Amino acid sequence: MSSVTVNQAIVAELYTWRFLKWVLAICVAVVAVFPIWWMFNVVFADPGTPVSINPRLYPTSLSSGLSKIQIILMETPYLRAYFVTIGYALLTILGMLLIGSMAAFEFALFDFPGKRLLFGLVMLSLMVPTVVTIIPTYLLVAELGWLNTMQGLVVPGLASAFGLFLLVQFMRTLPREMIEAARLDGASHFKIYWYIALPLSRNAMVTLAILTFMKTWGNFAWPLIVAPKPEIYTVGQVVGLFNAPFSHQTVDVVMTANLLAVLPPLLFFLIFQRKIVEGIAMSGSKG
Amino acid sequence: MAELEIKSVSKSFGSVGVLSDINLKIASGEFVVFVGPSGCGKSTLLRTITGLETETAGDIFIDGKRVNDVDPAKRGTAMVFQSYALYPHMTVAENMGFGLKMAGEPKAIIRDKVGQAAAILRLEKLLERRPGQLSGGQKQRVAIGRAIVRNPKVFLFDEPLSNLDAELRVQMRAELIDLHRRLNATMIYVTHDQVEAMTLADRIVVLNGGIVQQFGRPLDLYDDPDNRFVAGFIGSPKMNFLDAVVLESGPDHVTLGKIGGSDRSLRLPFRSFDPSIKQVVLGIRPEHARLGESGADSVPVIINFAEELGDVTYLHGKTPGGSPMIIRSDKGRFGGQTDCHVAFDPGGIRLFDNDGRRLRADRN
Amino acid sequence: MNARRHLPHYAMVLPFALLFAAFFLYPIISGFYYSFHDWNAATEARFIGLANYEAVLKSRDFARAMTNLGIYIAITVPLGIAVALALALLVDSFTGFWANFFRSAFFLPVVLPAFLAATIWRWMYAPNFGLVNMVLGWFGMPSVNFLNDTGTMLYALIAVDVWVSAGFNMVILLAGLKNIPQDLYEAARLDGASRLQQVRYVTIPMLAPILFFVVTYGFISALQVFDVPWLLTGSSFTAYGGRRNALLFPVMDMMGRAFGAVRFGEATAYGFILTFVIILFTAVMFGLRAWRTPK
Ligand SMILES: Nc1ncnc2c1ncn2[C@@H]1O[C@H](COP(=O)(O)OP(=O)(O)OP(=O)(O)O)[C@@H](O)[C@H]1O
Ligand SMILES: [Mg+2]
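The following refers to the structure shown. (Residues numbered from 1 in each chain as written. Chains lettered and ligands numbered in written order. Predicted model: local features only at pLDDT ≥ 70, side-chain atom pairs only at ≥ 80, totals over all residues. Heavy atoms only, no water.)

Some thoughts on the side chain of Arg75 of chain B
Residue and element names in this part refer to chain B.
Part 1: Along the chain, Arg75 turns up in the loop between β5 (65-66) and β6 (77-80).
Part 2: Here Val70 takes part through its backbone oxygen, which lies 3.0 Å from a polar atom of the side chain of Arg75.
Part 3: Not counting the four nearest positions on each side in its chain, Arg75 is found in contact with Thr48, Ile49, Thr50, Gly51, Ile60, Ile62, Val67, Asn68 and Val70. (Helix = DSSP H or I, 4+ residues; strand = E, 2+ residues; numbered from the N terminus. Polar contact = N/O pair within 3.5 Å; in protein donor to acceptor, adjacent residues only side chain to side chain. Contact = heavy atoms within 4.5 Å.)

So, in structure tokens, the structure goes:
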């Protein structure tokens, strides 16, 4: 066999592969993106024509979409759910970052009796599935009288083992000499945390904040059981209501509700794409 | 400006002893250098002085005041770290003023003091930069500036120049000497580079294995070492050590034989040599050994190679007994001859017993 | 004096430690206690030994849920990871703009909250006008009632699940792919390995630790699947699991017993049984890994 035919075979394989991979990538991208695109189109289309006639492959009417959004926001409890969820997410993020970074500062940079035991326990809890704690936690929240309250939603999630792990990993890379320099500069323990460790951990904190936002916004099970009163419904629950089998809503209205729910995480993704992807990859490679 | 006294300080990490029974008295305004091989406890001693480590035993006095229980920030010491330890998220000015800010000083005073320190170190143009935008030497100067701003009684430097390249190191050394003269402050400087120690120090502390081997002026350490460790550690190239036996001794002399495994013997003036000592180690610096004619008092040496540095030439060889031997030769080129005879300048000979202790003649 | 020196450390850890104790340790311990009691939160708890565990293990729903779960996991975990790996390789074969573009596109479903993925797909699966059926219609196939036909319900769920999770795992695997030194591929190519052989003999072994994480994590989350099947079926504590419980899963069953039937003791026992299964599986996985990587 001459080397020319071998080369030709390789070149042919190369071209087939090049062509195939584009076809494949585009197909997968369509499958991944289309449902979201379709949802968008359903909202921004004239409600008149039934879907079976016009399958909504592209948006047709901006104004009808806007009016649907307006109706949902004004005439349903959606707006309140929005505020509840934003409050839920923001308070969780702030609390988790503050409490977690304080603890991570100690775990990563100092030694004190009982540290290994406590940290080991927290890391062990990463292995324990939420199913085993969710009901007893609910019962505790009920006992505290926190059902249907913001603190009931937020507080039990603040001591996040995952968040602590992420921050400890990061703070371990802070040089010990810098902490000592601050100590010699007369900074108290808390001030070292506040002026040195905290600002230097900004990257890890931002990553954790974004991941936490995505997770809280998408949390369905916990609000479902702990905040069953309509006044404190989260977006997830309201969307669930719209979608319930006997809600008798038309597809346009339901999709508008869905679209509004997807907007914040989608915006976050578009802005912080890099950080989100890094954060997920990081948690994977450390696991 | 302050006097520092360390009284029988020991330090151990768990069961590992790092410092044992350190006693030092450092005068006000003195520049003292700690030298010693890696891991001998220099940094630990420094960190104990400043309070980052707590001594296991002993006391530390600054200006006569016991500071064992005084917070590191309030001892009146300032430390410059090997890694600079600058705060990367603050500007140079903020870095230098951080200590004052923590002390609650008003902004105007912080600005003034930072400005003064910056002027001393020629950092005025860099005040708004961040550490990431500085060169190594500039970072080092900022770290020193941070120490100056605190106006400490004692400056502590832990190998501050080891991250710099050779040229910058020489330049920074000169700046440090200048700084010391201008501030007239007590400074303690850690290094494991003995050239640095010799050039900077008023007095040197040689540490080994957590024990002070000797504390004295650089040339005293060089000329009159207390033990074999100091003799070998100070000076470059190193002092040569040759085994010898004591043939006989009198009230004013001692005669050594089998020097470096050769059959030569040497009579040295030495007042009241301890007759119970039968074996000694003879120390001789390269510059006190001369190439000479074969003779009764010269030791044969086989030369292996020569280091021709221009101004001097160092010949590396071995005595018949196999001890390495370095000889300094000022003139001529290395002709390639291998068998030589080396004569010792009697004034340059130092004797040590088998445990490395210096054997000194009685003075009177 | 020593305790005084450590005080600031404890002060800083305290908030976390307290919350952790209150909302993790205490629930586990109290849950363990409840699991041996008959309790509905209104009346006094009554000790009944292992009866809760027995009731769960012997119930028809538990058997049903576990069967569903078994099938679901057996398909969704390997399929999900195979898809994720394929996507990662696909993205990795592009460079520059297009690599970013496709990565973002494939990742997009992950951005959606799971509850939204479920609700969108509910409409995609709708029998008359749903897009899936429409596409099937183009190819002349009859309309399928995906979410009401016991034969298809589970597979409909798996499709949603893969759609949601593939991008997540892809990102983790991509990070791993980036860490494989390029010269390994070159060496394999010089040894005459084809593209597929390179994947088989270079990529997969080098990715092993990350694949291990992805599989273990994928299994643990699959075992706790809740949001999507809940929303694809009745979405209420009185109606869930779908027709003939074809989409009944253990966590749904557990939640139903707690908040539908108000039998908290039984529900917590259910949680411990599930945890036991998860720990058992994780242990097996770690054992396998130790066995596969000798020395
Ligand atoms: N926190 C610690 N815990 C245990 N051992 C320590 C600790 N700090 C230092 N040591 C040990 O104490 C000894 C002295 O360390 P030190 O840092 O003082 O040495 P050094 O003289 O500064 O060395 P180098 O020139 O390498 O900086 C070393 O053997 C080191 O391993
Ligand atoms: Mg050191």
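As for the interface of chain A and chain C
Part 1: The partner chain C presents 78 residues to the 93 residues of chain A that form the contact.
Part 2: Here chain A packs against chain C, burying approximately 7600 Å² in sum over the two surfaces, 84% of which is carbon and sulfur.
Part 3: Its largest share of buried area at the contact with chain C, chain A owes to Val131, Ile135 and Phe220 of chain A, together 8% of the area lost on that side.
Part 4: Linking chain A with chain C are zero salt bridges, by the criterion used here.
Part 5: Taken together, the links from chain A to chain C amount to ten residue pairs in polar contact (both at pLDDT 80 or more).
Part 6: Counting residues per element, the side of chain A that touches chain C draws most heavily on helix α1 (residues 3-43) of chain A, which supplies 18 residues. (Buried area = accessible area lost by both parts, 1.4 Å probe. Salt bridge = Lys/Arg side-chain N within 4 Å of Asp/Glu carboxyl O.)

With respect to a nonpolar patch on the surface
Part 1: Residues Trp22, Ile26 and Val30 of chain A together with Phe97, Trp98 and Phe101 of chain C make up a contiguous nonpolar surface patch of about 590 Å² in total accessible area.
Part 2: Elements that contribute at least two residues to the nonpolar patch include exactly α1 of chain A together with α4 (96-111) of chain C.
Part 3: One can find Phe97 of chain C in helix α4. (Patch = residues over 30% accessible without salt bridge, like charges linked within 9 Å, V, L, I, M, F, W, Y side chains within 5 Å. Areas by Shrake-Rupley, 256 points an atom, 1.4 Å probe, with all protein chains shown as cover.)

Considerations on the sheet that holds strand β8 (residues 186-190) of chain B
Residues and elements named next belong to chain B.
Part 1: Strand order in the open sheet formed by six strands is β6-β7-β8-β3-β9-β10, with mixed pairing between adjacent strands. The open sheet has two edge strands, β6 and β10 (211-216), and neither has a second partner. Each strand axis lies, on average, 15° off the axis of its neighbour in the sheet, ignoring direction.
Part 2: With five bridges joining them, strand β9 (residues 203-208) and β10 adopt antiparallel strand pairing. The residue bridging Val206 from the neighbouring strand is Gln214, located in β10.
Part 3: Contacts between helix α1 (residues 42-50) and the sheet are confined to β3 (31-35), β6, β7 (154-158), β8 and β9, with β7 contributing the most and set at about 150° to the helix. (Pairing = 2+ DSSP bridges. Axes fitted to C-alpha atoms, helices over the stretch in contact; angles between N-to-C directions.)

A few points about the site of ligand 1
Residue and element names in this part refer to chain B.
Part 1: Around ligand 1, the surrounding shell consists of Phe13, Val18, Ser38, Gly39, Cys40, Gly41, Lys42, Ser43, Thr44, Glu159 and His192.
Part 2: A distance of 3.0 Å is found between an oxygen atom of ligand 1 and a backbone nitrogen or oxygen belonging to Gly41.
Part 3: Protein contact buries 59% of the 630 Å² of open area that ligand 1 shows by itself.
Part 4: Here the shell around ligand 1 is composed, by residue class, of three nonpolar, six polar and two charged. (Near = heavy atom within 4 Å. Nonpolar A, V, L, I, M, F, W, Y, C, P; charged D, E, K, R; others polar.)

A short note on the pattern of salt bridges
Part 1: Enumeration according to the criterion identifies 27 salt bridges over all chains in this entry.
Part 2: As a salt-bridge pair, Asp111 of chain A and Lys115 of chain A come within 3.7 Å of each other at their nearest N and O atoms.
Part 3: Two residues, Glu53 of chain B and Arg47 of chain B, come together in a salt bridge whose shortest N-O distance is 3.0 Å. Neither residue differs from the other here; Glu53 of chain B and Arg47 of chain B are each classed as buried.
Part 4: By sharing partners, the salt bridges in this structure join Arg176 and Glu180 of chain A together with Arg47 and Glu53 of chain B into a single network. (Buried < 20%, exposed > 50% of the residue type's maximum accessible area, 1.4 Å probe, protein only.)

Here's the deal with the sheet that holds strand β18 (residues 324-329) of chain B
Residue and element names in this part refer to chain B.
Part 1: If you trace the five strands from one edge of the open sheet to the other, you get β15-β19-β16-β17-β18, paired in antiparallel fashion. Both edges of this open sheet fall to β15 (289-292) and β18, since each of them pairs with a single strand only. With direction set aside, neighbouring strand axes in the sheet form an average angle of 50°.

Notes on helix α11 (residues 250-260) of chain C
Part 1: Most of α11 of chain C is tucked away: ten of the eleven residues are buried.
Part 2: Those residues of α11 of chain C that fall on the buried side of the exposure criterion are Pro250, Val251, Met252, Asp253, Met254, Met255, Gly256, Arg257, Ala258 and Phe259 of chain C.

Describing the pairing of strand β1 (residues 4-13) of chain B
All names here are of chain B.
Part 1: Pairing of β1 with strand β4 (residues 57-62), which is carried by five bridges, proceeds in the antiparallel orientation. Opposite Glu5, over in β4, you have Phe61 as the bridge partner.
Part 2: Between β1 and strand β2 (residues 16-26), which follow one another and run antiparallel, lie two residues, and Gly14 among them has a positive phi close to 60°.

In short, shape yes, function no, at least from these values alone.
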